[in-house]
Amino acid sequence: MKKTLNVAMIGGGFMGKAHSNAWLQVNHFFDAPFKVKLKAIVGSKTPQEDFAANWGYELVSYDWREVVARDDIDIVDIGTPPWLHMDIAIAAAKAGKHVVCEKPLALNYAQCLKMAKAAEEAGIVSYLNHNYRRVPAVAFAKQLVDEGRLGRIYHWRGAYLQDWIMDPDFPLTWHLKAETAGGGVLYDLGSHAVDLSRFIIGEPESVIAMGRTFITHRPLPGETSATFSKGEVDSHAKREPVTVDDAFFMALEYENGVLGSIDVSRFASGRRNHNDFEIYGDKGALKFNFERMNELEFMDFTQPADEQGFRRILVTEGSHPYLKAWWPSGHPIGYEHSFTNAFYDFLSAIDTGEPLRPDFEDGAKIIRCLEAAKKSSEEGRKVRIEEITG
Ligand code: SOE
């Protein structure tokens with residue numbers, strides 16, 4: 001009889017929804033080592049009773065400290081804005097809970113180091129939800145690179161582009177303030193983009209970057225009807241400063257000699273969630289585009305020149321990463337499946353004690369790179385990642 005692990009979900013927003021779905025699916029599609037039970041949902045202000053009823057949480061609370069301390073909680077899943085991550089994660093680790101945390105890990109490198117230390121000292125499994133690593137086509141790209149199918153890698157080119165805050169009347173939400181988000185798109189999407197390059201290519205060594213804030217003042221929430229689309233705002237609405245970036249363009253040198261570029265922006269009109277990368281090596285090249293997430297373009301440079309070209313691989317075979325758990329070949333999967341894939345790996349790591357990546361150590365390395373990018377943009381020079389000391 002499999003042991004049941006009880007999950008406390010802290011935060012019931014977009015990530016609370018995506019995580020709750022994955023916890024409910026993982027035992028249906030994977031032979032996971034544990035059963036999972038949705039034990040508690042913890043909200044901040046908005047009532048969570050409907051959320052609890054919809055997803056089947058047994059308890060509703062508005063006090064994360066009380067829930068994290070409960071003996072009947074085994075996993076704490078943090079889906080709050082970044083400014084709350086450190087306190088919750090350290091309390092959970094000290095209480096002996098395994099911890100899932102949404103990205104970016106925390107507001108700065110120093111906070112990340114404290115979280116990683118707490119997880120290490122507690123001997124718990126920490127997982128930082130860079131879910132795109134567990135999109136099968138991304139995991140397959142890594143497999144091809146690791147097998148040497150691209151040979152010596154020269155370039156990584158990544159971009160993560162959205163457009164949901166281009167309305168100047170979009171309000172000054174937590175995403176747009178340094179004290180609650182850490183950074184703007186650099187942290188929100190740049191953390192994903194840098195992690196993808198670390199997953200497939202290796203560790204960045206130095207960065208040159210330029211950041212920009214296009215809309216410097218925004219109306220306070222409540223003064224505007226603009227949510228995620230154009231809204232009307234009173235002309236006299238009070239506007240406060242935006243203290244984070246809207247776009248960041250980075251050029252990176254990796255420790256293994258790869259030269260890379262990563263562009264992130266929330267002002268890329270028409271790009272709703274465009275996460276893509278290209279990899280160029282002396283034996284071949286790859287291109288992934290999350291808008292076509294079940295496909296990978298592969299170019300075999302060892303072929304005769306007049307036969308070369310990028311061919312589209314449909315990444316839906318049972319032999320592709322994670323896919324034997326899902327549907328027969330030719331049946332695509334979606335964004336939400338990457339979370340379920342990740343949570344299967346998380347439960348397996350709890351069972352085997354094998355390391356799970358990305359963990360809080362990874363989170364610290366990612367934020368260290370992003371802080372170096374910020375420093376580079378402020379000082380107008382190339383910054384070595386090691387200059388950031390926390
Ligand atoms: C930003 O809009 C966001 O929600 C990210 O925070 C998520 O990590 C990404 O998966 C979708 O876009």
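Residues numbered from 1 in each chain as written. Predicted model: local features only at pLDDT ≥ 70, side-chain atom pairs only at ≥ 80, totals over all residues. Heavy atoms only, no water.

### What to know about the sheet that holds strand S14 (residues 284-289)
- Pairing is mixed in the open sheet, where 9 strands are placed in the order S16-S15-S14-S13-S7-S12-S11-S8-S17. Pairing within the sheet leaves two strands with one partner each, and these edge strands are strand S16 (311-314) and strand S17 (383-384).
- Across 5 bridges, the pairing between strand S13 (residues 274-281) and S14 is antiparallel. Bridging from a neighbouring strand, Glu278 pairs with Lys287 of S14.
- Against the sheet, helix H11 (residues 360-379) engages strand S8 (204-212), strand S11 (247-254) and S17, with an angle of about 55° to S8. (Pairing = 2+ DSSP bridges. Helix = DSSP H or I, 4+ residues; strand = E, 2+ residues; numbered from the N terminus. Contact = heavy atoms within 4.5 Å. Axes fitted to C-alpha atoms, helices over the stretch in contact; angles between N-to-C directions.)

### Some thoughts on the site of the ligand
- Within the structure, the ligand sits among Phe14, Lys103, Tyr132, Tyr160, Gln162, Trp164, Asp188, His192, Asn273 and Tyr335.
- Residue Tyr132 places a side-chain N or O atom 2.9 Å away from an oxygen atom belonging to the ligand.
- Against a free-state accessible area of 310 Å², the protein chains account for coverage of 84% of the ligand.
- Per-class residue counts for the shell around the ligand are 5 nonpolar, 3 polar and 2 charged.
- Both domains that furnish three or more residues to the shell around the ligand are identified here as domain 1 (4-132) and domain 2 (136-292 + 294-333). (Near = heavy atom within 4 Å. Polar contact = N/O pair within 3.5 Å; in protein donor to acceptor, adjacent residues only side chain to side chain. Areas by Shrake-Rupley, 256 points an atom, 1.4 Å probe, with all protein chains shown as cover. Nonpolar A, V, L, I, M, F, W, Y, C, P; charged D, E, K, R; others polar. Domains from an automatic or database assignment.)

### Focus: the domain arrangement of the chain
- Domain annotation of the chain identifies domain 1 (4-132) and domain 2 (136-292 + 294-333).
- A separation of 25 Å is found between the C-alpha centroids of domain 1 and domain 2.
- Counting from both sides, the interface comprises 14 residues of domain 1 and, opposite them, 21 residues of domain 2.
- Summed over both sides, the interface between domain 1 and domain 2 buries roughly 1500 Å², with carbon and sulfur atoms accounting for 68% of that surface.
- Linking domain 1 with domain 2 are 1 salt bridge, by the criterion used here.
- Its salt-bridge partner being Lys103, residue Asp188 comes within 2.8 Å of it at the nearest N-O pair.
- At the junction of domain 1 and domain 2, the tally comes to 6 residue pairs in polar contact (both at pLDDT 80 or more).
- Considering only residue class, the side of domain 1 that touches domain 2 consists of 9 nonpolar, 4 polar and 1 charged. (Buried area = accessible area lost by both parts, 1.4 Å probe. Salt bridge = Lys/Arg side-chain N within 4 Å of Asp/Glu carboxyl O.)

### A few points about the pairing of strand S15 (residues 295-300)
- For S15, the tally of buried residues reaches 5 of 6 residues, placing the bulk of the element in the interior.
- Of the pairings in the sheet, the one linking S14 to S15 comprises 4 bridges and is antiparallel in character. Paired with Gly284 across the strands is Asp300, a residue of S15.
- If you look at the hairpin formed by S14 and S15, you'll find 5 residues sitting between the two strands.
- Sheet analysis places S15 next to S16, joined by 4 bridges and oriented antiparallel. Directly across from Leu296, in S16, lies its bridge partner Ile313. (Buried < 20%, exposed > 50% of the residue type's maximum accessible area, 1.4 Å probe, protein only.)

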